[in-house]
Amino acid sequence: MSVWRDVIGQEAAVATLEHAAGHPAAMTHAWLFTGPPGSGRSVAARAFAAALLCPTGGCGTCRECRTALEATHADVDVVATEGLSIKVELARDLVQLAARRPSVGRYRVIVVEDADRLTERAADALLKALEEPTPRTVWMLCAPSVEDVIITIRSRSRHVRLRTPSVAAVADLLVRRDGVDPAMALYAARAAQQHVGLARRLARDEHARIRRHDVITMATKITGVGEAIGAAQDIMTIAAEESAAASTERDAAERTRLMEVLGADPSARTQPPHIRSQVASLEKEQKARATRFTRDVVDRALVDLLSVYRDALVVRTQAGTALVNEDSRQVVQRVADLLESEALLRAMDAIGTARERIDANVNPLLALEAMALDLRLPR
């Protein structure tokens, strides 16, 4: 067993990281992991952290390896923001943390899973720590691409590029690690377009599979303005329901815990100003988390919808490439029969534009309505 067992389809990256873990001369103080969503950027970063702290270079079974992989090691700190951005206050805290000596291991490792979400001020604060590195502190920054990180940070980091793993590799991981039935694992890996996290969810959550089916069948139902507006609203409803299901219980538990820490009576009609301030701050964080979660669900829905038009183009042009939605070939064939290749490309562009607009903080419903109007099928 090795710390690299879950870093699938990344042989070149693993070879680079293994060499660095075993040869101090090949090490540097900052690493930038890039790759498409689901490629395993944070998984690779944690595995590298384990290899650096393991006495034998990454056995995968010792205490250092296990705790590093689980992010419970005293010298491994993982920042996974649940909001829309990483604020300057958090970046300054990380800089102070980076200045400390390792507690028990050879290195202090700081993993920033969403380095592309650093605000400009936060990135500037982080830059100071990268320009004047502390001995035995290693930064591991994760982002979709180098262009998503400001040039001054990426120029001071060693780049490790990850690629999308194969369908077979993702399916094998689900079977081996999660005990998923091989047929279900293959479906999930293909439907998730090799996104490991989404594939695991599809394989284990029937509701997620139903939601995906509802989304991809929209491509055959948008024939007029009314249907377009309804489809946009349906996507937002799906996202809102998933967000509420994921956050309601968690938000309540966080509020209860905060009141306990502050020694406040949760049943009291009014609270002292300092308690109201703390509660308001928590609610603001929860709202930001819910907003990001909703946008993530919407984006997943758009990726699923995009795959239908991509498959229809494959069918229409007889490209011979495997379909993402092989299990829903009837839906794909229907779209391919109704739309010419040029129209399919325009539909894909419309979905891409909607994703860009939502990422730029355009109202999601407005962006979805504009997209859906462009996806109307000929009568």
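Right above here is the structure, for reference.
Conventions used here
Residues numbered from 1 in each chain as written. Predicted model: local features only at pLDDT ≥ 70, side-chain atom pairs only at ≥ 80, totals over all residues. Heavy atoms only, no water. Helix = DSSP H or I, 4+ residues; strand = E, 2+ residues; numbered from the N terminus. Rg over C-alpha atoms; globule rule 2.2 N^0.38 Å. Buried < 20%, exposed > 50% of the residue type's maximum accessible area, 1.4 Å probe, protein only. Contact = heavy atoms within 4.5 Å. Areas by Shrake-Rupley, 256 points an atom, 1.4 Å probe, with all protein chains shown as cover. Lys, Arg positive; Asp, Glu negative; His and termini not counted. Charge placed at Lys NZ, Arg CZ, Asp CG, Glu CD. Arc of directions from axis to C-beta. Patch = residues over 30% accessible without salt bridge, like charges linked within 9 Å, V, L, I, M, F, W, Y side chains within 5 Å. Salt bridge = Lys/Arg side-chain N within 4 Å of Asp/Glu carboxyl O. Axes fitted to C-alpha atoms, helices over the stretch in contact; angles between N-to-C directions. Parallel < 35°, antiparallel > 145°, perpendicular 65-115°, else oblique. Nonpolar A, V, L, I, M, F, W, Y, C, P; charged D, E, K, R; others polar. Pairing = 2+ DSSP bridges. Right-handed = clockwise from strand over helix to strand, strands pointing away. Phe/Tyr/Trp six-rings, centres within 6.5 Å; stacked < 30°, edge-to-face > 60°. Disulfide = S-S within 2.5 Å. Core = buried A, V, L, I, M, F, W, Y, C linked by side-chain atoms within 4.5 Å.

### Here's the deal with the overall build of the chain
- Helices and strands together make up the secondary structure of the chain, namely 15 helices and 5 strands.
- Here the C-alpha radius of gyration of the chain, 23 Å, is about what a compact globule of 379 residues would show, namely 21 Å.
- On the principal axes, the C-alpha backbone points of the chain span a range of 70 × 60 × 40 Å.
- The buried share of the chain, taken over its 379 residues, is 46%.
- Considering only residue pairs separated by 6 or more positions, the chain has 72% of its internal contacts joining residues 24 or more positions apart.
- Of the roughly 19100 Å² that the chain leaves accessible, carbon and sulfur atoms contribute 51%.
- For the chain, the centre of its 50 positive side-chain charges and the centre of its 50 negative side-chain charges are spaced 3 Å apart.

### A closer look at helix α13 (residues 329–338)
- When α13 is considered as a whole, its buried residues turn out to be Val331, Val332, Val335 and Ala336. Down the axis of α13, the smallest arc covering the buried residues is 135°, so these residues share one side. Exposed residues on α13 whose side chains face more than 90 degrees from its buried face are Gln330 and Asp337.
- Tucked inside the fold, the buried residues of α13 contact α10 (206–217), α12 (273–317) and α14 (341–359).

### What about the environment of Ile235?
- Tracing the chain through its elements places Ile235 in helix α11 (residues 225–262).
- Given a relative accessible area of 3%, Ile235 falls into the buried group.
- Sequence separation between Ile235 and Val298 is 63 residues; the distance between their C-alpha atoms is 6.6 Å.
- Excluding residues within four positions of it along the chain, Ile235 makes contact with Met218, Val298, Ala301, Leu302, Leu368 and Met371.

### Focus: a negative patch on the surface
- A grouping of Glu147, Asp148, Glu356 and Asp359 is seen on the molecular surface, where their side chains present a negatively charged patch.
- Residue position: Glu356 is located in helix α14.

### Considering the packing of helix α9 (residues 196–204) against α10
- Where α9 meets α10, the closest approach of the two axes is 5 Å, and the angle between their N-to-C directions is 105°. Classified by the interaxial angle, the pair formed by α9 and α10 is roughly perpendicular. Contact with α9, carried on its side by Arg201, Leu202, Ala203 and Arg204, involves Glu206, Ala208, Arg209 and Arg212 of α10 and no other residues of that element.
- Residue composition of the contact of α9 with α10, by class: 3 nonpolar, no polar and 5 charged.

### Regarding the pattern of salt bridges
- Within this structure, the stated rule accounts for 19 salt bridges.
- Residues Arg108 and Asp75 are paired through a salt bridge, measuring 3.8 Å at the closest nitrogen-oxygen approach. Of the two residues, Arg108 sits in strand β3 (residues 108–112) while Asp75 sits in the loop between α3 (63–69) and β2 (76–79), which places them 33 residues apart along the sequence.
- Since its relative accessible area comes to 4%, Arg108 is described here as buried.
- The class for Asp75 is buried, based on a relative accessible area of 0%.

### Considering the sheet that holds strand β4 (residues 137–143)
- Strand order in the open sheet made by the 5 strands is β2-β3-β4-β1-β5, with parallel pairing throughout. Bordering the open sheet on either side are β2 and β5 (158–161), each of which pairs with just one other strand. When strand polarity is set aside, the average angle formed by the axes of neighbouring strands in this sheet is 15°.
- Relative to β4, strand β1 (residues 30–34) runs parallel, the two sharing 5 bridges. For Ala30, the partnering residue across the bridge sits in β4 and is Trp139.
- Across the sheet, helix α5 (residues 120–131) touches β1 and β4, and the angle it forms with β4 is around 140°.

### Describing the pairing of β4
- Most of β4 is tucked away: 7 of the 7 residues are buried.
- Burial along β4 is two-sided: Thr137, Trp139, Leu141 and Ala143 facing one way and Val138, Met140 and Cys142 facing the other are all buried.
- In terms of strand pairing, β3 meets β4 through 5 bridges, oriented parallel. Note on β4: the bridge partner recorded for Arg108 is Thr137.
- Between β3 and its parallel partner β4, the chain crosses via α5, and the hand of that crossover is right-handed.

### Examining the packing of aromatic side chains
- Summed over all chains, the structure comprises 1 aromatic pair.
- Residues Trp31 and Phe48 carry aromatic rings whose centres are separated by 5.0 Å and whose planes lie at 80° to one another, so their mutual orientation is edge-to-face. Here the residue Trp31 occupies a position in strand β1, and Phe48 occupies one in helix α2 (residues 41–53), the gap between them amounting to 17 residues.

### Quick word on the state of the cysteines
- If you walk through the whole model with that rule in mind, you get 0 disulfides.
- No disulfide involves Cys59; its sulfur sits 3.6 Å from the nearest other cysteine sulfur, which is in Cys62.
- We note that Cys65 lacks a disulfide partner, and the nearest cysteine sulfur, in Cys54, lies 3.6 Å from it.

### Structural notes on the nonpolar core
- Formed by 39 residues in total, the largest nonpolar core has its most connected members in Leu302, Leu305, Tyr309, Leu368, Met371 and Leu375.
- Counting residues per element, the ones that place at least two in this core are α10, α11, α12, α13, α14 and α15 (364–374).
- In terms of residue count, α12 provides more of this core than any other element does, 9 residues in total.
- Once residues lying within four places of it in the same chain are set aside, the contact partners of Leu368 are Ala232, Ile235, Met236, Val298, Leu302 and Ile358.
- Counting residues in each nonpolar core, the second largest holds 34 residues, with Ala49, Ala50, Cys62 and Ala68 among its members.

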